[in-house]
Structure formats: structure tokens, C-alpha cells
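Each chain is listed here by its residues.
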Amino acid sequence: MEEKVNTNRECNEISLQNAEESKQQSGGPSEFKEHYEELKDDIVKAFIRDYDLMNNPEISLLKFSENIICQVTENELKLVLRINRSGYHTMEELENELIWITEIKKQTDINTATIYKGINGKVIQQFKSKAGITYTYSVQSFVKGISIKELKGENLYSQLENVGKIAAKLHKMEENNPHNKETFKRFAWDIEDTLSENARWGCYLKFPDMTSDDRIIFKKAADKIEARLQKYGRGTDRYGLIHADLHSENLLADDDKISLIDFDDCGFSWYLYDLAGAISQQSKNLKEMTAAYLKGYETIRSLSLEDKAEIETFILLRRLVRLGWLTSHSDNGIIEREGREYYEVTKEMVIMYLENN
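In what follows, the accompanying structure is described. These figures come from a predicted structure and were not determined experimentally. (Residues numbered from 1 in each chain as written. Predicted model: local features only at pLDDT ≥ 70, side-chain atom pairs only at ≥ 80, totals over all residues. Heavy atoms only, no water.)

### A look at the nonpolar core
In a soluble, globular protein the nonpolar side chains are often hidden away together inside.
(1) Moving on: Of all hydrophobic cores here, the largest spans 82 residues; its most connected members are W100, Y204, F218, F314 and L323.
(2) Moving on: Looking at which element gives the most residues to this core, the answer is helix α11 (residues 311–328), with 10 residues.
(3) Moving on: With residues up to four places along the chain from it excluded, the contact list for W100 reads L170, M173, H179, F184, L241, I242, H243, F263 and C266.
(4) Moving on: Ranked by size, the runner-up nonpolar core spans 18 residues in total, among them A46, I68, V72 and L79. (Core = buried A, V, L, I, M, F, W, Y, C linked by side-chain atoms within 4.5 Å. Buried < 20%, exposed > 50% of the residue type's maximum accessible area, 1.4 Å probe, protein only. Helix = DSSP H or I, 4+ residues; strand = E, 2+ residues; numbered from the N terminus. Contact = heavy atoms within 4.5 Å.)

### A word on the packing of α11 against helix α12 (residues 334–356)
For any two helices packed against each other, one specifies the inter-axial angle together with the distance between the axes.
(1) Moving on: Two numbers describe how α11 lies on α12: the axes approach to 10 Å, and their chain directions differ by 150 degrees. Between α11 and α12, the crossing angle belongs to the class labelled roughly antiparallel. As α11 packs across α12, the resulting crossing turns out to be left-handed.
(2) Moving on: In terms of residue class, the contact of α11 with α12 is made up of 15 nonpolar, 5 polar and 5 charged. (Axes fitted to C-alpha atoms, helices over the stretch in contact; angles between N-to-C directions. Parallel < 35°, antiparallel > 145°, perpendicular 65-115°, else oblique. Left-handed = near helix turned anticlockwise from the far one by under 90°. Nonpolar A, V, L, I, M, F, W, Y, C, P; charged D, E, K, R; others polar.)

### Some remarks on the packing of aromatic side chains
The relation between two aromatic rings is expressed through the spacing of the ring centres and the mutual angle of the planes.
(1) Moving on: Taken as a whole and assessed by the stated rule, the structure comprises 15 aromatic pairs.
(2) Moving on: The interplanar angle of 85 degrees and the centroid separation of 5.7 Å between the aromatic rings of W100 and F263 together place this pair among those described as edge-to-face. A residue pair is termed long-range when its members are at least 10 positions apart, and W100 in helix α4 (residues 91–107) and F263 in the loop between β10 (257–260) and β11 (267–270) qualify at 163 residues. With respect to burial, W100 and F263 carry one shared label: buried.
(3) Moving on: Counting every residue linked through ring pairs, the aromatic cluster contains F47, Y51, F127, Y135 and Y137.
(4) Moving on: Between the NZ or CZ atom of R186 and the centre of the ring of F187, over which it lies, the distance is 5.6 Å.
(5) Moving on: The aromatic ring of W189 is capped on one face by R200, whose charged end is 4.9 Å from the ring centroid. (Phe/Tyr/Trp six-rings, centres within 6.5 Å; stacked < 30°, edge-to-face > 60°. Lys NZ or Arg CZ within 6 Å of the ring centre and 35° of its normal.)

### Quick word on the pairing of strand β9 (residues 251–254)
(1) Moving on: Judged by which residues are buried, β9 turns out to be covered on both faces: L251 and A253 on one side and L252 and D254 on the other are all buried.
(2) Moving on: Here 2 bridges tie strand β7 (residues 146–147) to β9, and the two strands are oriented antiparallel to one another. Paired with S147 across the two strands is L252, which belongs to β9.
(3) Moving on: Count of turn residues in the β9/β10 antiparallel hairpin: 2 residues, of which D255 carries a positive phi of about 55 degrees. (Pairing = 2+ DSSP bridges.)

Put into C-alpha cells, the structure is as follows:
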């Protein structure tokens, strides 16, 4: 068993100076979005230079989340171009994400994007803006479908069965041919990355509505999660390279076909973290959603009793991770729109988790 390291420390307030430095290094989501119109001409020029795919491409903003996602079209051909935020991944990590997607298409029947190589044979390209800033970008096929977030009731559960099957195929592929964490560079979603003061998506303990009393019980739950996962371990039957962000907007339904997109957060973690990602963004019908996912999953890959005993642990872990994400994105109004209800439901789950464990 690995030596236990207590990383669940209370989050310290960072100085305004450090916060500003962090924002500048990461590109800052709001600033990044504002740059799109300024970058548009540079993007078109870079695309024509780097890819022999279109002569007169039309480009539009398809989506902005953490990265800038553009749609590039000419006649009947439609592609997706992603401009990566600065500071989140190294060049090697970006390349490995696209290498893995290509492996998935070759080794499974999972429907996902086709990755295009540039004229230089590389999957990641670079361009310099008029302002002298260097950006990295990649190009892939357009994947058709609507987010399963739009589905309700039995339609949603039916697609969650398919999500379970997709996850099981990914995990089975990884279990049979595991990636070496030391040589295949992607970050991890371990305790330090999810629950510590340095958590990648932000610290859950800094959620605006959290009182001192709440903080005590949330930290107790996080300590319990850490202890259980230390005991659960990281054997190759339960830990490896995963998608890590199987929430509904990354799963597109097109009639009876479902597609998986957005591998930006893929990394090394427990396989059950994918289950949690698939259902924990919601606050209602979690039991039914979990059952649907497992029904599909176990048609491809079985789970042990030990695995199933930790499902509650992983769902709560992911909810704490998302509280950190909501906190770090509070400037876009998401806490007012959905964060407070999410927090109250999570608090109820924390209390129940402590009672049951």
C-alpha cells in the first residue's frame, strides 16, 4: 500500500498578486474569449498554411469553455479547430491526447473525432498572433449530435447505458494495454489533484456559500474519501488512463448512435472516476442514472463487489471537484444559475456519506 500523505489541507487565500500572475499564465477564460475576434484572421491564415484541406475556409466560434473551439467549413466539409489555453498542458501532453484518440478509433468501435495531421505530419500546430503571442491548435472532424443533457427520462437512461458501454470499452482497452504513466505524459486525477488546496479545478473549500461549520463536515468527508481510496489502491484492474470528464455535454446523441468528444481533461485516475463524471453533474435521479450506466458498463466489463462499494465515494469526490470548478468560474454567473442548488444537494450527500462510512 502506498504511504498515505494528508493532502486535504484547508485552502489558503492566495494574494492578489499571485492571482493575477496565475491568470496571466493560464490565459484567463474571459480574456481568452475576448481575444477570439482579434485572432480570427490569424487562425484562418495559420489553418491554410498548415493544412491542405480547404482553400477558402469560413470560420466561426462554435463553443468557448476553457479553450476556443471553432467551426471551419468549406462546401460540404466541416471541421473543428481547437485553440488551446496557455499553461494547462505541455506540448507533449497535448500530442498524447490526440494520439490516444487515434488509438481509440483504431482499437474500438467508439465513435469520436478523427484527428488530422498538418502538412508537417504533426497533430499539434502553432501560430503567432499579431500581438506576438504563440498559440497551439489542432484540427479534427466535426462530430454530429446533440448533447445528452437535452434528454429526459427513459431516453436519458437509455443513452446512459451506452455511456457505460463506452466507458467500459475505454477501460478494457487500457487494462489490456496500459499506458506507462512515466512515459505517456498526461496529468493525473489523484487526491492532490482533486481535493488539496492546489486542486486542478479549484479548491472545494472556497465555495462562496460554505460556512465554517460546513467546512468542518466537508473536510471530514474528504478525509474519509482519501482514506478509502488509499485502501482501494491503484491496481491495473481499477486505475489507468481515462477520459475523466464524461459529463453530458461531452456525449452527443444522433438517433441511436452516441459519440464521445472533448478529451482535454483525459489523464490517469481510477476507472470509477469516469462513472462519477457521467452522472454527478446532476442533482436528481442519481440512483437511476447510476443504475443505467452500470447496466451498460457490465455488459462489456464486470465490476467487483470491492469496486461497487466505492461508487458512493467516487460520486462524492467528483461533486467536490466540481464545487472547486464552480468556485474558480464564479465570475461567469454559474453559481447563481445552478451552483447553490448543487451545493445544497452535495452537502446532504456529505452528511449521508459520513453517517454511512
